Amino acid sequence: MTKKAEVDLLIFDLDGTLIESKWDIADSVNLTLRDLGVPERPQEEIFGFVGDGVKKLLRLAVGEGKTDLYDEALRIFRGHYLDHCLDRTVFYPGIDKVLTHFSAKPKAVATNKSIEYTNVILNGLGPKHFAYVVGGDNGFGLKPEPGMLVHVMEQLGVEKDRTVLIGDSTNDINGGHNAGIRVCAVGYGMGNRQKMAACQPDWFIERPEELMELFI
């Protein structure tokens, strides 16, 4: 049995790590495209656009070159997603158990998702678990930039060597390493496994419950 790593703070990514949200995102994107008169996209294609924030998501969905539609897409998407972001979005199986297991430790969410959507979803699913939440539009940059992760550690007063980031994308792994913290990649989310492995996360898990076996 590998010795458990001692940590004082667990920072979680949101989409693809804590929550299974891809269906509601894809539905809201296609409703937006329909309103704009732009061809809808296959859900699997939209899943691949998630992770770099809503502006990039919609730019890819609308299509490069249609710059005149980007602002309108953002406005329309906001309405649809606020209406539908909890239709099918849930914590991944095992997440509730993990959050309860680590109830004595501070936990945070650091996501490239806009804070408005993030707060609506977490308030619907379980805000009590998290000591601090930061989103992609809070002014600290998007992962893989380290700003939001450094900010969380400063706010909660925890050192880098006592912190772990859990995420499902290369942005998470690279962002964590850029912030000087260890990273646990998850294989059950939306991220590309090969690309994540190439970024050399400190751990790689297939189920949320494995976090209970890794950290103390």
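Residues numbered from 1 in each chain as written. Predicted model: local features only at pLDDT ≥ 70, side-chain atom pairs only at ≥ 80, totals over all residues. Heavy atoms only, no water.

## Some words on unusual backbone geometry
Condition: Counting from the N terminus, the helices are DSSP H or I runs at least four residues long and the strands are E runs at least two residues long.
A cis amide bond links lysine 143 to the next residue, proline 144, at an omega of 20°. Within the secondary structure layout, proline 144 lies in the loop between β5 (132–134) and α7 (147–156). A positive phi angle is found at glutamine 200, which is not glycine, with a value near 55°. Along the polypeptide, glutamine 200 turns up in the loop between α9 (193–198) and β8 (203–205).

## Let's talk about α7
Just so we agree on the cut-off: The buried label goes to any residue with under 20% of its type's maximum accessible area, the exposed label to any with over 50%, and the partly exposed label to all in between, with areas taken from a 1.4 Å probe on protein chains only. The contact criterion used is simple: two residues touch if any of their non-hydrogen atoms lie within 4.5 Å.
Restricting attention to buried positions, one finds in α7 the residues Met148, Leu149, His151, Val152 and Met153. Along its buried surface, α7 packs onto β1 (9–12), β4 (107–110), β5, β6 (163–167) and α8 (170–178). Note on α7: the residue one or two positions beyond its end, glycine 157, has a positive phi of about 65°.

## Quick notes on the side chain of lysine 107
Cut-off, in case you're wondering: Two residue types count as positive, namely Lys and Arg, and two as negative, namely Asp and Glu; His and chain ends fall outside the count. We define a salt bridge as a contact between a side-chain nitrogen of Lys or Arg and a carboxyl oxygen of Asp or Glu at a distance within 4 Å.
On the secondary structure map, lysine 107 appears in strand β4. Despite its burial, lysine 107 remains without a salt bridge, the nearest opposite charge being carried by aspartate 96 at 10 Å. Apart from residues no more than four positions distant in its own chain, lysine 107 is found in contact with Leu9, Leu10, Phe12, Leu99, Phe102, His129, Phe130, Ala131 and Tyr132.

## Structural notes on the pairing of β6
Applicable threshold: Following DSSP output, two strands are said to pair if at least two bridges run between them. Looking down the strands as they point away from the viewer, one classifies a crossover as right-handed if the path from the first strand across the helix to the second runs clockwise.
Summarising burial for β6: five of the five residues are buried, a large majority. Every second residue of β6 is oriented toward a common face, with Thr163, Leu165 and Gly167 on one face and Val164 and Ile166 on the other, all of them buried. Across four bridges, the pairing between β1 and β6 is parallel. The partner of isoleucine 11 across the bridge, within β6, is leucine 165. When β6 meets strand β7 (residues 182–186), the two strands line up parallel, connected through four bridges. Residue pairing for β7: valine 164 is matched across the bridge by arginine 182. Read from β6 through α8 to β7, the crossover connection turns out right-handed.

## As for α8
The condition is simple: Contacts described as polar in this section are N or O atom pairs within 3.5 Å, which, within protein, must combine one atom able to donate a hydrogen with one able to accept it, while residues neighboring in sequence count only if both atoms come from side chains.
All of the buried residues along α8 are Asn171, Asp172, Ile173, Gly175 and Gly176. Buried residues belonging to α8 abut α7, β6, β7 and α9. Where α8 begins, one side-chain oxygen reaches toward the backbone nitrogen of asparagine 171, 3.3 Å away; that side chain belongs to serine 169. In the segment just after α8, glycine 180 is the residue with positive phi, at about 80°.

## Topic: the side chain of aspartate 13
Positionally, aspartate 13 belongs in the loop between β1 and β2 (19–20). Looking at aspartate 13, its side chain comes within polar contact range of the side chain of threonine 17, at 3.1 Å. Discounting chain neighbours no more than four positions away, the residues touching aspartate 13 are Leu18, Ala110, Thr111, Lys143, Leu165, Ile166, Gly167, Asp168 and Asp172.

## A closer look at the pairing of β4
By the alternation rule, side chains of β4 split into Lys107 and Val109 and Ala108 and Ala110, which are all buried. In this structure, β1 lies alongside β4, joined through three bridges in parallel fashion. Paired with isoleucine 11 across the bridge in β4 is alanine 108. Examined bridge by bridge, β4 and β5 share three bridges and lie parallel to one another.

## Some details on the packing of aromatic side chains
Going by this rule: For this analysis, a ring pair means two rings from Phe, Tyr or Trp (six-membered ring only for Trp) whose centres lie within 6.5 Å, classed as stacked if their planes differ by under 30 degrees, edge-to-face if by over 60, and tilted for the remaining angles.
Per the stated rule, a full pass over the model turns up six aromatic pairs. Taking 6.0 Å as the distance between ring centres and 90° as the angle between the ring planes, the aromatic pair formed by phenylalanine 77 and tyrosine 117 counts as edge-to-face. Placement of phenylalanine 77 in helix α4 (residues 70–84) and of tyrosine 117 in helix α6 (residues 115–125) is noted, with a sequence separation of 40 residues between them. Taken individually, phenylalanine 77 and tyrosine 117 each receive the classification buried, so the pair is uniform in this respect. On the basis of an interplanar angle of 80° and a centroid distance of 5.1 Å, the ring pair of tyrosine 81 and tyrosine 117 is categorised as edge-to-face. Taken together, the residues span a long stretch of sequence, with tyrosine 81 in helix α4 and tyrosine 117 in helix α6 at a distance of 36 residues. As far as the burial class goes, tyrosine 81 and tyrosine 117 line up, both buried. Members of the aromatic cluster, each reached through a chain of ring pairs, are Phe77, Tyr81 and Tyr117.

Remember that the coordinates give geometry; whether it matters functionally is a separate question.
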